[in-house]
Amino acid sequence: QDIVGWLAEKPEESERLDFKKDFSDTVSASIVAMANHDGGLIVVGVDEEQDAGTKTKRPKLPPDEVDLKSWQDWLTTRCYTDIRPTYQPLAVSFTGPHPGRGLVLIRVDSTSAPRPLWHVQRGVLWRTGDQNRPADLETLRWLFQHEGTLPDHGRAHFDQVRSRVAGANAEGCW
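Here is a short report on the structure shown in this document. Bear in mind the structure is a predicted one, so any value in this text is a computation, not a measurement. (Residues numbered from 1 in each chain as written. Predicted model: local features only at pLDDT ≥ 70, side-chain atom pairs only at ≥ 80, totals over all residues. Heavy atoms only, no water.)

## Quick notes on the side chain of Asp130
By secondary structure assignment, the location of Asp130 is in the loop between β10 (125–128) and β11 (131–134). For Asp130, the side chain forms a polar contact with the side chain of Gln131, separated by 3.1 Å. The residues touching Asp130, leaving out its near neighbours within four places in the chain, are Glu13, Ser14, Lys55 and Lys57. (Helix = DSSP H or I, 4+ residues; strand = E, 2+ residues; numbered from the N terminus. Polar contact = N/O pair within 3.5 Å; in protein donor to acceptor, adjacent residues only side chain to side chain. Contact = heavy atoms within 4.5 Å.)

Rendered as structure tokens:
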């Protein structure tokens, strides 16, 4: 089944599915939130619309599409500058009917991400329903208990993050 056919089925945005009209910092925030949660799929180039009378978000058709010329550079750069420790999810592009434009699918695998991930502008994020939310204290504890093995360079960073998080929570900033 092709991607446009799948979008025509109007799947609901959820904890594991997110639609993004274009590349913005919300893409890197969704990568962090999904990696810290259960993973998922981000579809870039598709705006969302709410069902009448509900808060359910579904893809708005036809897809907006994004410029496919520089999406890989954008994604690599944003993952490097926005996410700590750096995490690069798998991504593929699909060419649309307009030359040089199409959709990008980003697969976030929570089992390969060095959790917890930290978004430099938004902190530690967690996916709740179809939203990226700051992780609460209980979620932070869970993430740090399940952080798994990290490369040595990641361990030092997480010790710093853990200290910052503990201090922020103690001060009531979270």
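## Observations concerning the packing of aromatic side chains
Inspection of every chain in the model, using the stated rule, returns two aromatic pairs. Between Phe23 and Trp74, the aromatic rings sit 4.7 Å apart at their centres with planes inclined by 45 degrees, giving tilted as the arrangement. Of this pair, Phe23 sits in the loop between β1 (17–20) and α2 (25–36) while Trp74 sits in helix α3 (residues 71–82), and the two are 51 residues apart along the sequence. You can call Phe23 buried: its relative accessible area is 18%. (Phe/Tyr/Trp six-rings, centres within 6.5 Å; stacked < 30°, edge-to-face > 60°. Buried < 20%, exposed > 50% of the residue type's maximum accessible area, 1.4 Å probe, protein only.)

## Topic: the nonpolar core
Among the nonpolar cores identified, the biggest contains 23 residues, and Phe23, Ile31, Val44, Tyr87, Val104, Ile106 and Val108 are the most heavily contacted of them. Of all the secondary-structure elements, those providing two or more residues to this core are α2, β2 (40–44), α3 and β8 (101–108). The biggest single contributor to this core is α2, with seven residues. Among residues more than four places away in sequence, those in contact with Ile106 are Phe23, Val27, Ile31, Gly40, Leu41, Ile42, Val44, Leu75, Pro89, Leu90 and Ala91. Counting eight residues, the second largest nonpolar core, distinct from the first, contains Leu7, Phe19, Val46 and Leu103. (Core = buried A, V, L, I, M, F, W, Y, C linked by side-chain atoms within 4.5 Å.)

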